[in-house]
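So the chains spell out like this:
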Amino acid sequence: MEISILAFGIAKDIFGAISVNIQLDKEATTADLKTVLEAKYPRLKQLASYMVAVNNEYAEDNGAITERDEVAIIPPVSGG
């Protein structure tokens, strides 16, 4: 299946776009998505941490992803 990934913050710089399309198996989890993204965009592994949001909620690594889901990469945020 093909899913569109929205990118925020430094993730936009890493992807070179505000969104990218990724191919995943139909039974994919958030952990599978991270593995595919980190293989395609190795700089993503250099972040201290990043979260995956599925349908506007932070997702656990074992959470399922479907083609209809809205998926976003949320990098670490610092502020004062």
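Structure first, text after, so check above.
Being a predicted model, the structure only gives us computed values, none of them experimental.

(A) Inspection of the sheet that holds strand 5 (residues 71-74) at higher detail. The strand order across the open sheet built from five strands is 2-1-5-3-4, with neighbouring strands paired in mixed fashion. Both outer strands of the open sheet, strand 2 (19-23) and strand 4 (57-58), are each paired with one neighbouring strand and no more. As defined by bridge partners, strand 3 (residues 51-54) adjoins strand 5 across four bridges and the pair is classed as antiparallel. Residue pairing across strands places Ala 53 opposite Ala 72, the latter belonging to strand 5.

(B) Structural view of the packing of aromatic side chains. Using the criterion set out here, one finds one aromatic pair in the structure. Judged by centre distance (4.6 Å) and plane angle (50 degrees), the ring pair of Phe 15 and Tyr 41 falls under tilted. Of the two residues, Phe 15 sits in helix 1 (residues 10-15) while Tyr 41 sits in the loop between helix 2 (30-40) and strand 3, which places them 26 residues apart along the sequence. Judged on exposure class, the residue Phe 15 and its partner Tyr 41 are both buried. One Lys or Arg, Lys 34, reaches over the ring of Tyr 50 and ends 5.6 Å from the middle of that ring.

(C) Representation of the pattern of salt bridges within the structure. By the definition in use, this model includes one salt bridge. The closest approach of N and O atoms between Lys 34 and Asp 61, which form a salt bridge, is 3.0 Å. Taken together, the residues span a long stretch of sequence, with Lys 34 in helix 2 and Asp 61 in the loop between strand 4 and strand 5 at a distance of 27 residues.

(D) Region of interest: the pairing of strand 3. Where strand 3 lies against strand 4, two bridges are found, and the strand directions are antiparallel. Note that in strand 4 the partner of Ala 53 across the bridge is Tyr 58. The antiparallel pairing of strand 3 with strand 4 creates a hairpin that spans two residues between the two strands, and Asn 55 there sits at a positive phi of about 55 degrees.

The rules behind these values
Residues numbered from 1 in each chain as written. Predicted model: local features only at pLDDT ≥ 70, side-chain atom pairs only at ≥ 80, totals over all residues. Heavy atoms only, no water. Pairing = 2+ DSSP bridges. Helix = DSSP H or I, 4+ residues; strand = E, 2+ residues; numbered from the N terminus. Phe/Tyr/Trp six-rings, centres within 6.5 Å; stacked < 30°, edge-to-face > 60°. Buried < 20%, exposed > 50% of the residue type's maximum accessible area, 1.4 Å probe, protein only. Lys NZ or Arg CZ within 6 Å of the ring centre and 35° of its normal. Salt bridge = Lys/Arg side-chain N within 4 Å of Asp/Glu carboxyl O.

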